[in-house]
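Okay, here's what each chain looks like letter by letter:
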Amino acid sequence: MHRWSQLFIPTLREAPADAEVASHKLLVRAGYIRQLGAGIYSFLFLGNRTTQKIMGIVREEMDKIGQEFYLPALNPRGLWEESGRWSLIGENMFRLKDRKGADLCLGFTHEEVMTDIARKELRSYKQLPQIWYQIQTKFRDEPRPKSGLLRVRQFIMKDAYSFDIDAAGLDVSYAKHHDTYCRIFDRCGLKYMVIDAHSGAMGGSQSQEFTVRTPAGEDLVVSCEKCNYAANMEKATSRLAPVEDLKPEGDGAPLEVHTPGQKTIEDVARFLGVSPKHMLKTLAMMVAGEDVKTGKTEQRALVLLLRGDHQMNEAKLSTAVGGRETRPMREDEMQEFFHSPAGYLGPLGIGWAEDMGVSIKPALLVDEALEGHTNLIGGANKENYHVKHLTPGGNFHPTAYADLRSVTAGEDCPNCGAPLRIDTAVEIGHIFKLGYKYSESMGARVLDRNGKEVAPIMGSYGIGIERILTAAVEQSNDENGFWLPPSIAPFEVVVVSTNSKDEAVRSASEDITRQLEAAGFDVLLDDRDERPGVKFKDADLVGIPFRINVGKKVTEDTVEVVRRSTLEREDVKISAITAYFQKLRPGLP
RNA sequence: CGGGACGUAGCGCAGCCUGGUAGCGCACUUGCUUGGGGUGCAAGGGGUCGCGAGUUCAAAUCUCGCCGUCCCGACCA
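What you see is a predicted model, and the numbers here were worked out from it, not measured in a lab.

Participant: Explain the sheet that holds strand E30 (residues 542–543) residue by residue, including any values.
Facilitator: The strand order E26-E27-E30 describes an open sheet built from three strands, whose pairing is mixed. Each edge of the open sheet carries a strand with a single partner, namely strand E26 (477–478) and E30. With two bridges joining them, E26 and strand E27 (residues 481–483) adopt antiparallel strand pairing. Of the residues in E27, the one forming a bridge with aspartate 478 is glycine 481.

Structural data, given as structure tokens:
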């Protein structure tokens, strides 16, 4: 029997001053966690119980599709050099040296280790598919740990890796994970969204994130109220309201107009009496590229055109340039390439590259929203002048069209046309078709049906264990505390003995606890010699979804059941208490 | 890494400007009291004032350096 009086549950009346988000404040106050350093937390009794329950659910569901491994956190440098990530990841990886001076790192994820096992052991398509997973601690030297458990440097992650003989197989493995993740998060009682995600510069064809809406989140999620469209900001698109192009003046040839001192889009639009929608936003960038002949890294000029009222999205730009690094062009570089001051750049009169391949000519990327539009207004590449009648594909020729803009709230859903909303959210899971990146670079090969050597195709799939807890707390809290879904709460029921001096109350509390435990419930008995008010406050704080108040009414065989989420109270006969909770199962809210 | 703030008892804070006995609330210990929403009274315990140098007769307080934590930004396979 779990007696509060014998346990270590250090609740606090006040939250630490440096806690900002609700989950951080409450998990500390409820005695779940204590901070050891920036982004490093200890889990105490209640916190550990909860993460164990979460891991239990994850394990049960993952075991239906895969096999659990236990892998080293300490990894030798060589392995990570093979995949290229030793240098690619940079400062975000914890590195150390052993006594002999050999370089090691602490596992960031486990693609390398899993692929190493695969390449040493897998020989034939007959051994595929394989799904291997682990639930272990990951280390990341985050530049800025923050928000309690949301962004930390050491955390538990369930990560899984699939190996298939072909893309069709990967589709199956991916779908299995998708369904398993839905079951896991359903069982954890979370209200989550599955969103299309940016696959990153690492390649990979498909990727979805499982996210939970909360103001504490760091991801921006675009979602449709009507249909199930949802996507990461880095990936989201929208249907734009039609824009009627400006009518050409005269013969429609490019026409310079004097715009003295008008630099910003808004200034110029107002000055000329047009909407920013008819303006071109011109962004000059430098992009890192490699010279084919010399192999040297060099900078290349890149100009982006967006509609005047649109915002450029860096992740989309990164995708458009194949993951190469970009940065804004400096003023002196603008002079060099365009002989134009900032604020007056435009696409006319410049020899743009014909394709995105290596070329010494600057590239012109035009946002898809501008495709087909005519008579736009942009800079004239000279101070105090803009140009009317600019038409992409007409009087200037883009190197390519690409999706470069960020969606804004209220634009139309690309599926159904209903308005889109934008929320912050916490990422709790991510599934990812990796492709051949690791199997190729690390030399994993199996023989296919025809005896031909091929690289297996991989997927990787992660779940942040603590983030499930954090998201659940963020989702269900008030100023007095929080309540967890029964499936992941440290206890399902707390029995509050309101008067420890009253023998009838005391023994009834014990009986009820014993009964419920016998029926398989996780019960915490608050038998402390405290005033009822103190116990009620603590019970409200610590995340347990149900409370039984045992008080004066024991003489009438009655106790009070309080549902933490709604604070609804209900009198229940002691003799019927087990049946009462059994009826709530398994669909406890 | 850039900008800002903070570091005094377990937690929350005052004291610092203007140098001189380290203080308050909660928590903790003991006794009494109370017993359905952090009960009341009384008596106690607990501090290298983040660390190190310097200035001074004297430093929590002034100066310099370091360390740590938080917030904004950059970053985020």
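Participant: Give a detailed account of the layout of surface pockets, specifying residues and quantitative values.
Facilitator: Here the largest pocket is characterised by a volume of approximately 1700 Å³. In terms of lining residues, the largest pocket is bounded by 50 residues, among which Phe108, Arg140, Glu427, His430 and Phe432 are the most central. For the lining of the largest pocket, the secondary structure elements donating two or more residues are helix H4 (85–89), strand E9 (154–164), helix H8 (314–320), strand E22 (420–435), helix H10 (437–441), strand E25 (457–464) and helix H11 (465–475). If you tally residues by element for the lining of the largest pocket, the top one is E22, at eight residues. Of the residues contributing to the lining of the largest pocket, the split by class is 23 nonpolar, 13 polar and 14 charged.

Participant: For the environment of threonine 51, give the residues involved together with the corresponding values.
Facilitator: With respect to the helices, strands and loops of the structure, threonine 51 is situated in helix H2 (residues 45–62). Threonine 51 gets classed as buried once you look at its relative accessible area, which sits at 2%. Considering only alpha carbons, one finds threonine 51 and alanine 489, 438 residues apart in sequence, at a separation of 9.0 Å. Sequence-distant contacts of threonine 51, defined by excluding residues within four places in its chain, comprise Phe43 and Ile465.

Participant: How would you summarise the protein's contact with RNA strand B if you had to cite specific residues and measurements?
Facilitator: Around RNA strand B, 41 residues are found, and the nearest of them are Arg151, Lys501, Asp540, Glu560 and Arg569. Each atom of RNA strand B within 4 Å of the protein was classed as base or backbone; sugar and phosphate made up 50%. At a separation of 3.5 Å, a phosphate oxygen of RNA strand B approaches a polar backbone atom of serine 147. In the environment of RNA strand B, a sugar or linking oxygen lies 2.8 Å from a nitrogen or oxygen atom belonging to the side chain of asparagine 499. Of all elements in the fold, only strand E2 (33–37), helix H13 (532–541) and strand E31 (546–550) reach the threshold of two or more residues within the surface near RNA strand B. The dominant element in the surface near RNA strand B, judged by the number of residues it contributes, is H13, at seven residues. Considered class by class, the residues forming the surface near RNA strand B number twelve nonpolar, eight polar and 21 charged.

Participant: Explain the sheet that holds strand E32 (residues 558–563) to me, using residue names and the numbers behind them.
Facilitator: With mixed pairing, the six strands of this open sheet are ordered in space as E1-E29-E28-E31-E32-E33. Two strands close off the open sheet at either side, each with one partner strand: strand E1 (2–3) and strand E33 (568–573). Examined bridge by bridge, strand E28 (residues 493–497) and E31 share five bridges and lie parallel to one another. Each bridged residue has a counterpart across the sheet, and for valine 496 the counterpart in E31 is asparagine 549. Across the sheet, helix H12 (residues 503–518) lies against E1, E28, strand E29 (523–526), E31 and E32, angled at about 165 degrees from E28, the strand it touches most. Strands in contact with H13 are E28, E29 and E31; relative to E28, the strand with the most contacts, it is inclined by about 175 degrees.

Participant: Got a sec to walk through helix H14 (residues 577–584)? Specific residues and values, please.
Facilitator: When H14 is considered as a whole, its buried residues turn out to be Ile577, Thr578, Tyr580, Phe581 and Leu584. Projected down its long axis, H14 carries its buried residues within an arc of 160 degrees, all on one side. Looking at the buried positions of H14, the neighbouring elements they touch are E28, H12, E31, E32 and E33.

Participant: I'd like to hear about the pairing of strand E7 (residues 103–106), residue by residue, with values.
Facilitator: Pairing between strand E5 (residues 74–76) and E7: three bridges, direction antiparallel. Following the sheet pairing, leucine 74 is matched in E7 by leucine 106. Relative to E7, strand E6 (residues 95–97) runs antiparallel, the two sharing three bridges. Directly across from lysine 97, in E7, lies its bridge partner aspartate 103. The loop that links E6 with its antiparallel partner E7 comprises five residues; one of these, glycine 101, has a positive phi angle of about 90 degrees.

Conventions we followed
Along each chain, residues carry numbers from 1 onward, in the same order as the chain's sequence is written. Chain A is the first chain written and ligand 1 is the first ligand written, with later ones labelled in order. It should be noted that, the model being predicted, local features are given only for residues of pLDDT at least 70 and side-chain atom pairs only at 80 or more, the latter also being counted only at that level, while totals for whole chains, interfaces and linings use all residues. Only hydrogens and water are set aside when side-chain values are computed; all heavy atoms of the structure are taken into account. In this scheme, strands are said to pair when DSSP sees at least two bridges between them. The secondary structure listing takes helices from DSSP runs of H or I that are at least 4 residues long and strands from runs of E that are at least 2 residues long, numbered from the N terminus. Only protein atoms enter the calculation, which uses a 1 Å grid: trapped sets of points that fit a 1.4 Å probe without letting it out are cavities, open sets showing protein on both sides within 12 Å along at least five of seven lines are pockets, and any residue with an atom within 4 Å of a point is a lining residue. Grid points are joined across faces, edges and corners, and a volume is the space filled by probe spheres set on the points. Amino acid classes used here: Ala, Val, Leu, Ile, Met, Phe, Trp, Tyr, Cys and Pro are nonpolar; Asp, Glu, Lys and Arg are charged; the rest, including Gly, are polar. Under the scheme applied here, a residue whose accessible area is under 20% of the maximum for its type counts as buried, over 50% as exposed, and between as partly exposed, the area being computed with a 1.4 Å probe on protein chains only. Note on definitions: a residue-residue contact is assigned when non-hydrogen atoms from the two residues lie within 4.5 Å. For each residue, the test is whether any non-hydrogen atom lies within 4 Å of the molecule or strand; if one does, the residue is near. Any pair of nitrogen or oxygen atoms within 3.5 Å is treated as a polar contact; in protein, a donor-acceptor pairing is required on top of that, and neighbouring residues in sequence qualify only through side-chain atoms on both sides. The convention used is that axes are lines fitted to C-alpha atoms, helices contributing only their stretch in contact, and that angles between N-to-C directions extend from 0 to 180 degrees. Directions are taken from the helix axis to each C-beta atom, and the arc is the one they span.

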